[in-house]
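Architecture and fold: a report
Residue-level listing of the chains:
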Amino acid sequence: MNYVVCIPDGCADEPLAELGGRTPLEAAELPNFQALAARGDVGRAAVIPDGMPPGSDVGNMAIFGYDPTRFHTGRAPIEAAALGLELRPDQVAYRCNLVTVGDDGTMVDFAGGHPSTDEAAEVILALDAALGGDGVSFHPGVQYRHIMVAPEGWIDAGCTPPHDLTDKPAVWPTGPAAPHLQRLMDASRSIVGPSVLGANQIWLWGQGFQPQMPSFQETYGLDAALVTAVDLVRGLGVLTGIEVVELETATGWYDTDYEGKRDCALDALADGADLFIIHVEASDEAGHAGDVEEKVRALENWDRRILADLIPGLDRLGPWRLLLLPDHATPLALRTHTSDPVPYLLVDSERPGPGGVYTESGVADLPIVPGHELMSRLVSIR
Ligand SMILES: [Zn+2]
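Bear in mind that the values here come from a model prediction, so they are computed numbers and not experimental data. (Residues numbered from 1 in each chain as written. Predicted model: local features only at pLDDT ≥ 70, side-chain atom pairs only at ≥ 80, totals over all residues. Heavy atoms only, no water.)

Taken together, Asp9 (OD), Asp9 (OD), Ser56 (OG), Asp327 (OD) and His328 (NE2) make up the protein donors of the zinc ion, found 2.0 to 2.7 Å from the metal. Residue aspartate 9 is classed as buried on the basis of its relative accessible area of 1%. Its relative accessible area of 8% is what places serine 56 among the buried residues. (Donors = N, O, S within 2.8 Å, 3.2 Å for Na, K, Ca; no water. Buried < 20%, exposed > 50% of the residue type's maximum accessible area, 1.4 Å probe, protein only.)

Set out below in structure tokens:
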């Protein structure tokens, strides 16, 4: 049996006037999604447990089959794992954004003018030289997204994600560790400000200890691999021993290589992997941008450029099961994530399900299942 998990990031949405009162899933032409739904089983999944932030870290952890209420410690340690950092138990990881804060204290740009990875790395290394030491170190990541490692005593702070503050007054850290964070954020201005970057300081948030996740192989008895362009998803792979397949043409943007991701899945399964996770970020980015057309196109790309040939490819390899769902909704009207349950689709090539329609309204009356339980349902022998 081969297993495939498809994650169109943030694809769930709400009805939109621009789409004649339909959601992107309803408005897009998705013959392959709907053919799968007709032969399988659809439902509603709570990928974001009650009271947890609706982040991709939480939602994808649930889809990977790990209960976020047990295993999630924060976003930064997952991204730290993606960078190859192993935290000791006495270390805490913080996400370190390069940001632009206006003279009046407004968060002008949570992405610090989108610096290049190379230019940003130089600044992060300069920060490490100037402000590192005594258990504090700075580690370059991608573009504006970096990591700070700090002593365990720095865990206790209330930090606001900078993307929630755009065009609003910056909300500074609170709690016992706040003075440490404030000191570094203030001191970073003299290094980031004069640099070539559009950013003028760092922003520390998303902290946590390294999560203690049992391996996927140990938990589900299957060898798994994944493809993604996103550090959070890559980090979850590292933390659970799921092989991360490199695809250079995966961009994390609208122009990503859909066919390349499909072929990664078919090749890995043909080479002996049992389960493959395909993650595509484009639908979430379109949601954040409020770009209706791109969100519809991202779904149609899944249909035509992944599913259309993935299914015959799987058929050639033998019996298969497929699970498809997003890690959260990113409604175009809100341009941010929500905690609403999302539609899921589960198909077994050999055993027809009751059939259904894979849209938000198609599953609206169905019971809600915890998102992290779907992995067991996918891989269990029925
Ligand atoms: Zn997401």
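Scanning the entire structure with this criterion turns up two cavities of 30 Å³ or more. In this structure, the largest cavity spans a volume of roughly 40 Å³. As for the largest cavity, its lining consists of Glu79, Leu83, Arg95, Gly141, Val142, Arg145, His146, Ile147 and Asp231. Secondary-structure elements contributing two or more residues to the lining of the largest cavity are strand 5 (137-142) and strand 6 (145-151). Examining the composition of the lining of the largest cavity, we find that three residues originate from one element, strand 6, more than from any other. Looking at side-chain class alone, the lining of the largest cavity contains three nonpolar, two polar and four charged residues. (1 Å grid on protein atoms, 1.4 Å probe; cavity = no way out; pocket = protein on both sides within 12 Å on 5 of 7 lines; lining within 4 Å. Points joined across faces, edges and corners; volume = space filled by probe spheres on them. Helix = DSSP H or I, 4+ residues; strand = E, 2+ residues; numbered from the N terminus. Nonpolar A, V, L, I, M, F, W, Y, C, P; charged D, E, K, R; others polar.)

The residue histidine 114 is not glycine, and still its phi comes out positive at about 50°. Take histidine 114: it is sitting in the loop between strand 4 (107-109) and helix 6 (117-131).

Attention now goes to the nonpolar core. With 90 residues, the main nonpolar core has Leu275, Phe276, Ile278, Leu310, Leu322 and Leu325 as its most contacted residues. Examining the composition of this core, we find that 10 residues originate from one element, helix 13 (residues 292-317), more than from any other. With residues up to four places along the chain from it excluded, the contact list for isoleucine 278 reads Val4, Val5, Cys6, Ile7, Val227, Lys261, Arg262, Ala265, Trp302, Ile306 and Leu310. (Core = buried A, V, L, I, M, F, W, Y, C linked by side-chain atoms within 4.5 Å. Contact = heavy atoms within 4.5 Å.)

Time to look at the packing of aromatic side chains. Tallied over the entire structure, the rule returns six aromatic pairs. With 5.1 Å between their ring centres and 45° between their planes, tryptophan 172 and tryptophan 203 make a pair best called tilted. On the criterion of sequence distance, the pair formed by tryptophan 172 in the loop between strand 6 and helix 7 (178-187) and tryptophan 203 in strand 7 (residues 201-208) is long-range, its members being 31 residues apart. Given a relative accessible area of 27%, tryptophan 172 falls into the partly exposed group. Between phenylalanine 216 and tyrosine 220 the ring centres are 4.9 Å apart and the planes differ by 40°, which places this aromatic pair in the tilted class. Of the two residues, phenylalanine 216 and tyrosine 220 are both situated in helix 9 (residues 216-220); the distance of four residues between them amounts to about one turn of the helix. Positioned above the aromatic ring of tyrosine 144 is the side chain of arginine 145, whose terminal nitrogen or guanidinium carbon lies 5.2 Å from the ring centre. (Phe/Tyr/Trp six-rings, centres within 6.5 Å; stacked < 30°, edge-to-face > 60°. Lys NZ or Arg CZ within 6 Å of the ring centre and 35° of its normal.)

This next bit is on the sheet that holds strand 8 (residues 224-227). With respect to topology, eight strands assemble into an open sheet ordered 9-8-10-1-11-12-2-13, the strand pairing being mixed. Of all the strands in the sheet, the pair left with one neighbour each is strand 9 (243-244) and strand 13 (368-370). Of the strand pairs in this sheet, strand 8 and strand 10 (residues 275-280) are connected by four bridges, and their pairing is parallel. Following the sheet pairing, alanine 225 is matched in strand 10 by phenylalanine 276. Where helix 11 (residues 258-270) meets the sheet, it contacts strand 1 (2-8), strand 8 and strand 10, and its direction lies at approximately 170° from that of strand 10. (Pairing = 2+ DSSP bridges. Axes fitted to C-alpha atoms, helices over the stretch in contact; angles between N-to-C directions.)

Here serine 283 shows up in helix 12 (residues 282-289). Taking the relative accessible area as the measure of exposure, serine 283 reaches 2% and is therefore buried. Counting along the chain gives 42 residues from serine 283 to glycine 241, while the straight-line C-alpha distance between them is 26 Å. At 2.6 Å, the side chain of serine 283 and the backbone oxygen of aspartate 9 are in polar contact. (Polar contact = N/O pair within 3.5 Å; in protein donor to acceptor, adjacent residues only side chain to side chain.)

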